[in-house]
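Each chain, letter by letter, is given below.
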Amino acid sequence: MNSNKKNEKQDKLATQINRREMIGGLSSLAIAPSLLAANTQDAEINPSNATIDFSDPIQNAAAYVKLIGTTARGMIHMYGRGTIYGVTPEGAMPMVGHTSVLKGVWKPWTDNSFYYTIYNRGYFSDLETGLPIEEFENPFTGEINVPGDIKGGPFDRVIRPEVRDFKVRNDDVWLNEDVYINVVNKLEPQIWTKASAGKTLNFLYVESYNGKVSDLVNPEISSAPMKIISTHNTSWYPFFLMGQRPGGHYWQSVGRKVSNLEDEVPAVLLNFIEKKVPGYFESERPWKKRTDTFQEYKNERKPIKS
Amino acid sequence: MNRKLDLSDPIESNEAYVKLLGLLEGGMVHYSLEGKIYSMLPKGPKPFVGFQAILKGVWQPLPNNTYSYSLFEVGFFADLETGIPIKKFVNPITSAENDLIRIKGGPHVSVIKPHIYSWVVIGDDIWIEESKTLNGYFGSSEKLNKNDNAESDEEIAFFNRIYRGRLSELNNGAARAFCQMHYNYISPWYPFFNMENIEGKMYWQAVGTKIDSFSEVPEKMQNFLLAEHQEFFDSEQPWTKTTSTLAEYRRIENGKG
């Protein structure tokens, strides 16, 4: 795709949603959770308006929820963008960009717990321009790959009282959270010879959340501003068509909890999502059937012979 | 005094870079990092061992809007649960006890010239990422001592660092700015873990910030520095000969430790 065509595409996407309409529409929905009145969980976080006792499982869990989601019933959105690198024994190279808006739908649960459901929607992007792409050249194979869209969720999780290892320095607070799993691949390697990385898939997700202690102790705030940096070391995505080639990809993303969609999320991405899933930003249930990158690939593609 | 930096201008983009990562007027900048190393095995990844490090950058403005900095690092491997520095480590993969060494590196000197960096700006949030593939020999000194062709055993490592700050601070008149550093490094097994021919690699992940004083250094690192590197924090040249954690290990292996 040449640069003129890319610019045309950007202009087209940027004008699909009128930015003025968005000020009163989408962004007001995104702001709402952080302005909601404190609930009983907030009072328990900071009864004396002093500091949080992170060694207390209940306070710790509520601080965690306030940081990554909301202690009130409601939605939060997280914007992120980054690069996927291929890492092989021969070397590492950037392969494709990505950007998305993750939606978390939160509600207080029983026994000082919280329940939330996440969805994610976005696109893979050109490494130079950041614009959506339909295909790109894989730097390892020289082949043209067709990535499809980013679509994940709904995934449900319950946050229970426990002591998480928050790091505090002055008013800054950090939390690193890791998830590491090895699961059966939905794409059988005998059938999906080029798309399947093997019988099992490895995932290591490390999320670094950063916020302010003063926000977490503030009983007027149910959803604190939060910055996130994520890194995922995983088996090859199927659309890379790397087969069982040694290595995997390193996925990194920088983002934040969004307080105002119009100001903090590029219009190109907002328009892309709104076009693909009308009502995504307003809906607490933008789709019903659970999916992920591997399932989407299996649903939409046919095996390619090597 | 505030002035809006033009990040599309090579000189001002460079100025923003130096201010975010280092110090415009020259001097020392420290980062305190805490993180984990994960083992990346065919059967799946797992937390392996913790680590903490202090990075020291000694910055110097040069003529023609150019800057140089020398980077030093010291640190320790740590118990995953307690964060306490360890020298003995029961390797969860081999079940053997490993003798670990300390983390030490530098001085590595870089010169920063006017350049348009690939900044990402969202509101007051600004960040930049840097990545590099490294080729080298990550094994013990045994092969090097035998004059074998260690080049044939070269392996690759990959680092990705993200530096994140506030645009308003880069635009104000101060010489330094807050910076959060996200450190990611994928490497072959380091030789002191004695992994022999076990297939896999290590993923080092840490987060830290620029710190203004020794009092901001985490307690365990303070104790470590006071016990083992008393001069490190205050010195602009804690040592002169370039080294690395691998080089230190080989030096100790060769009985020069």
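Residues numbered from 1 in each chain as written. Chains lettered and ligands numbered in written order. Predicted model: local features only at pLDDT ≥ 70, side-chain atom pairs only at ≥ 80, totals over all residues.

A.B. asks: Explanation requested: the overall build of chain A in the structure shown.
C.D. replies: Within chain A, the regular secondary structure consists of nine helices and 11 strands. A buried classification covers 43% of the 306 residues belonging to chain A. Sequence separation of at least 24 residues holds for 71% of the intrachain contacts in chain A that already meet a minimum separation of 6. (Helix = DSSP H or I, 4+ residues; strand = E, 2+ residues; numbered from the N terminus. Buried ≥ 20, exposed ≤ 12 C-beta atoms within 10 Å, placed from the backbone. Contact = placed C-beta atoms within 7 Å.)

A.B. asks: Where do I start with the interface of chain B and chain A in this structure?
C.D. replies: Put simply, an interface is often sized by how much accessible area is lost when its parts join up. Residue-level contacts link 29 residues of chain B with 30 residues of chain A. Listing elements by their share of the side of chain B that touches chain A, those giving two or more residues are strand S1 (27-41), strand S2 (44-62), strand S7 (120-122), strand S8 (125-136), strand S9 (155-166), strand S10 (180-187) and strand S11 (201-211) of chain B. Here the side of chain B that touches chain A takes five residues from S9 of chain B, the largest share from any one element. Across the side of chain B that touches chain A, the residue classes tally to 13 nonpolar, 10 polar and six charged. (Nonpolar A, V, L, I, M, F, W, Y, C, P; charged D, E, K, R; others polar.)

A.B. asks: I would appreciate a short explanation of helix H1 (residues 10-21) of chain B in the present structure.
C.D. replies: One turn of the α-helix equals 3.6 residues, which is why residues spaced by three or four share an orientation. Residue and element names in this part refer to chain B. The terminal C-alpha atoms of H1, which comprises 12 residues, lie 16 Å apart, in line with the 16 Å expected from a rise of 1.5 Å per residue. Burial runs high along H1: nine of the 12 residues are buried. Taken as a whole, H1 has its buried residues at Ser 13, Asn 14, Glu 15, Ala 16, Tyr 17, Val 18, Lys 19, Leu 20 and Leu 21. Where H1 is buried, its residues touch S2, strand S3 (66-78), strand S6 (103-112), S9 and helix H3 (167-171). (Expected span 1.5 Å × (residues − 1).)

A.B. asks: Hey, could you run me through the sheet that holds S8 of chain B in this one?
C.D. replies: Backbone-to-backbone hydrogen bonds join strands into a sheet, with any given pair of strands oriented parallel or antiparallel. All names here are of chain B. Reading across from one edge, S6-S3-S2-S1-S11-S10-S9-S8-S7 is the order of the nine strands in this open sheet, with antiparallel pairing throughout. A single partner strand is all that each edge strand has here, and the edge strands are S6 and S7. Across the sheet, the axes of successive neighbouring strands diverge by a mean angle of 20°, strand direction being ignored. Sheet analysis places S10 next to S11, joined by eight bridges and oriented antiparallel. What sits directly across from Asn 184, in S11, is Gln 205. (Pairing = 2+ DSSP bridges. Axes fitted to C-alpha atoms, helices over the stretch in contact; angles between N-to-C directions.)

A.B. asks: Is there a simple way to explain the environment of Asn 65 of chain B in this structure?
C.D. replies: Residue and element names in this part refer to chain B. Tracing the sequence through the fold places Asn 65 in the loop between S2 and S3. Residues Asn 65 and Trp 189, 124 residues apart in the sequence, show an inter-C-alpha distance of 40 Å. Residues in contact with Asn 65, not counting those within four places in the same chain, are Ile 11, Asn 14 and Pro 114.

A.B. asks: Is there a simple way to explain helix H5 (residues 245-253) of chain B in this structure?
C.D. replies: Residues and elements named next belong to chain B. The set of residues buried in H5 consists of Thr 245, Leu 246, Tyr 249 and Arg 250. Burial along H5 is one-sided: seen end-on, the buried residues are contained in an arc of 135°. Residue Gly 255 follows H5 closely and has a positive phi angle near 80°. (Arc of directions from axis to C-beta.)

A.B. asks: Help me out: how do you make sense of the confidence of the model for chain A in this one?
C.D. replies: Caution applies to low-pLDDT regions: their predicted coordinates should not be interpreted in detail. Looking at chain A, the pLDDT average stands at 87 and 83% of residues meet or exceed 70. Every residue in residues 1-49 of chain A is under pLDDT 50, and counting partners more than four places away or in other chains gives 82 contacts. (pLDDT = per-residue confidence, 0-100.)

A.B. asks: Which parts of the structure should I look at to understand the confidence of the model for chain B?
C.D. replies: Residues and elements named next belong to chain B. Counting all residues, the mean pLDDT for chain B is 93, and 95% of those residues have values of 70 or more. The lowest-confidence element of chain B is helix H2 (residues 141-145), averaging 71 in pLDDT; the highest-confidence one is S3, averaging 98. The ipTM value of the predicted complex is 0.93, and its pTM value is 0.89.

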